[in-house]
Amino acid sequence: MKPKLFMDIHVIQTVPPSCLNRDDTGSPKTAVYGGARRARVSSQSWKRAMRLMFNEHLDVSELSYRTLKIFDLVADKILEKSSEYTREDALVMAKEMLKKAKVEPSKKDADKSEALFFLSDKQAENLASLALEGLDDKETTKAVVQTLKANNGVDLALFGRMVASNPDINCDASAQVAHAISTHRIENEYDYFTAVDDLSTEEHAGAGMIGTVEYNSATLYRYATVAVHELFVQLSKDSSALERALREFIRAFVLSMPSGKQNTFAAHTLPYAVMVSLRSDRPLNLVDAFEKPIKSTEGFTLPSAEEFAKHAMKSYSEFCTKPVSSYTVGEFLPELGKKLNLDELLIEAVKDTVERIMS
């Protein structure tokens, strides 16, 4: 059995009055945990924010597209490689390639796929090359499947791809991201607002619009883990690609912020405390430190960090081993790992991780 290595990332972060992630009624998402209503930001919302930040630090050739327009994507690559074909020809060729992998056009819109498809930039380029080579059916089918199993983008390798019509081209996610929840009980509040019509006359001096926005404020516990041994395989055992992927995953998880209602609330805060730990046994989500909601009249960040540290040490002594190495950012988790600033952590923790997976 191959050795396992997990990178766990824990973040405690205070978010001011905001509505980062809403449900179908427009209300901030919540969850009941430990018998108390908590603020919640879904993992899907935060992963989207992370993927957007990847674009700032990774080259497009290392990333992927999650889209219904995969045929357009491959057609664009065909046209980049050859000027002999029209746009319509390239689309036909792209559809033929993806049909080999049982990825069919939608019955409602033949120019789109039935479901969102996660395709790396490199995979799209390779499919275009196959379309131009003109292999026979048997060879092409095999080559298309092989192309979709290799050359994963960083985001595709981390977050995975599931294709119901063809499990052979699935990509298991190497990362898991928990829903962020508040460490304490919350109650949603309402902002009643009015908007004035700038061109209204004195006879119509009332508001041009009246409405309400629901919001809450919270100190969140956020957790994510990466199966580094799996990510290494998904990235074709390329140590430099692994290093970049881990560095940008940490950076994006720590610094990104979902965009819901940001024009209204500008909830651009930074974490209060961060811990990145490497474990060789199993991932360890420490959210149960807050199963009993934190109570305070003088802020939740410090008592949340103290409770987190206390619970982590108890877990290490009573249920599992300590991490093989651990790093912290901030002044409030000194007993849990080597204290660094974030830039130092992005270098040292990632270097440590890559060296361990390569040894």
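Structure: above.
Reference entry: report on the structure contained in this document. (Residues numbered from 1 in each chain as written. Predicted model: local features only at pLDDT ≥ 70, side-chain atom pairs only at ≥ 80, totals over all residues. Heavy atoms only, no water.)

This part is about the overall build of the chain. In terms of helices and strands, the chain carries 11 helices and 12 strands. Taken along its principal axes, the extent of the C-alpha atoms in the chain is 75 × 70 × 35 Å. Among the 359 residues that make up the chain, the fraction classed as buried is 49%. Of the contacts made within the chain by residues no fewer than 6 positions apart, 74% connect residues no fewer than 24 positions apart. If you sum the accessible surface of the chain, you get close to 18,300 Å²; carbon and sulfur atoms cover 49% of it. Looking at the chain, you have 45 positive and 52 negative side-chain charges, and the mean spots of the two groups are 6 Å apart. (Helix = DSSP H or I, 4+ residues; strand = E, 2+ residues; numbered from the N terminus. Buried < 20%, exposed > 50% of the residue type's maximum accessible area, 1.4 Å probe, protein only. Contact = heavy atoms within 4.5 Å. Areas by Shrake-Rupley, 256 points an atom, 1.4 Å probe, with all protein chains shown as cover. Lys, Arg positive; Asp, Glu negative; His and termini not counted. Charge placed at Lys NZ, Arg CZ, Asp CG, Glu CD.)

This next bit is on the environment of Thr212. Residue placement: Thr212 occurs in strand S9 (residues 207–227). With a relative accessible area of 51%, Thr212 lands in the exposed category. Sequence separation between Thr212 and Asp191 is 21 residues, and the spatial gap between their C-alpha atoms is 5.3 Å. Apart from residues lying up to four places away in sequence, Thr212 is in contact with Asp191, Tyr192 and Phe193.

Considering all chains together, one arrives at 13 salt bridges under this definition. A salt bridge links Lys338 to Glu348; its shortest N-O distance comes to 2.5 Å. Residue Lys338 is located in strand S12 (residues 338–339), and its partner Glu348 is located in helix H11 (residues 342–358); the two are separated by 10 residues in the primary sequence. According to the relative accessible area criterion, Lys338 is partly exposed, its value standing at 42%. Here Arg356 makes a salt bridge to Asp352, at a shortest N to O gap of 2.7 Å. (Salt bridge = Lys/Arg side-chain N within 4 Å of Asp/Glu carboxyl O.)

For Ser236, which is not glycine, the phi dihedral falls at a positive 60 degrees. Tracing the backbone shows Ser236 in the loop between helix H7 (228–234) and helix H8 (239–255). The phi torsion at Lys237 lies on the positive side, around 55 degrees, for a residue other than glycine. Relative to the elements of secondary structure, Lys237 occurs in the loop between H7 and H8. The exposed category is assigned to Lys237, whose relative accessible area is 57%.

Moving on to the packing of aromatic side chains. Applying the stated criterion across every chain yields a total of 7 aromatic pairs. Within the aromatic cluster, the residues linked to one another by ring pairs are Phe54, Phe159, Phe249 and Phe253. Stacked on the ring of Phe253, the Lys or Arg Arg222 has its end atom at 4.4 Å from the ring centre. (Phe/Tyr/Trp six-rings, centres within 6.5 Å; stacked < 30°, edge-to-face > 60°. Lys NZ or Arg CZ within 6 Å of the ring centre and 35° of its normal.)

The first and last C-alpha atoms of helix H2 (residues 70–81) sit 17 Å apart over 12 residues, in line with the 16 Å expected at 1.5 Å per residue. Those residues of H2 that sit buried are Ile70, Phe71, Leu73, Val74, Ala75, Lys77 and Ile78. (Expected span 1.5 Å × (residues − 1).)

Counted residue by residue, strand S10 (residues 273–279) has 7 buried out of 7 residues, so it is predominantly covered. Looking at chain direction, strand S1 (residues 6–18) and S10 are connected through 7 bridges and run antiparallel. Opposite His10, over in S10, you have Met275 as the bridge partner. The pairing of S10 with strand S11 (residues 325–329) spans 5 bridges and is antiparallel. (Pairing = 2+ DSSP bridges.)

Right, let's talk about the side chain of Ser277 for a bit. Within the secondary structure, Ser277 is located in strand S10. Those residues in contact with Ser277 that lie beyond four places of it in its chain are Phe6, Met7, Asp8, His10, Pro323, Ser325 and Ser326.

Remark: H2 packs on helix H3 (residues 87–99), axes separated minimally by 8 Å, with the N-to-C direction vectors making an angle of 120 degrees. Taken together, the axes of H2 and H3 lie oblique to each other. Two packed elements cross with a definite hand, and for H2 against H3 that hand is right-handed. Here Ile70, Phe71, Asp72, Val74, Ala75, Asp76, Ile78 and Leu79 of H2 lie close against H3, whose contacting residues are Arg87, Ala90, Leu91, Met93, Ala94, Lys95 and Leu98. (Axes fitted to C-alpha atoms, helices over the stretch in contact; angles between N-to-C directions. Parallel < 35°, antiparallel > 145°, perpendicular 65-115°, else oblique. Left-handed = near helix turned anticlockwise from the far one by under 90°.)

Below, the discussion takes up the packing of H8 against H11. When two helices pack together, their arrangement is captured by the angle between the axes and the distance separating the axes. Close contact between H8 and H11 brings their axes to 9 Å; oriented N to C, the two are set at 140 degrees. When the axes of H8 and H11 are compared, the pair comes out oblique. Note on packing geometry: the crossing formed by H8 with H11 is right-handed. Residues Ser239, Leu242, Glu243, Leu246, Arg247, Ile250, Arg251, Val254 and Leu255 of H8 form the contact with H11, whose own contacting residues are Leu342, Leu345, Leu346, Val350, Thr353, Val354, Ile357 and Met358.

What follows covers the environment of Lys102. Mapped onto the elements of the fold, Lys102 is located in the loop between H3 and strand S5 (117–120). In this view, Lys102 contacts Ser165 and Asn166; residues no more than four positions away in its chain are not counted.

On to the side chain of Glu248. Of note, Glu248 is situated in helix H8. A polar atom in the side chain of Glu248 sits 3.1 Å from the side chain of Arg247. If we skip the residues at most four places from it in the chain, Glu248 touches Phe54, His57 and Leu58. (Polar contact = N/O pair within 3.5 Å; in protein donor to acceptor, adjacent residues only side chain to side chain.)

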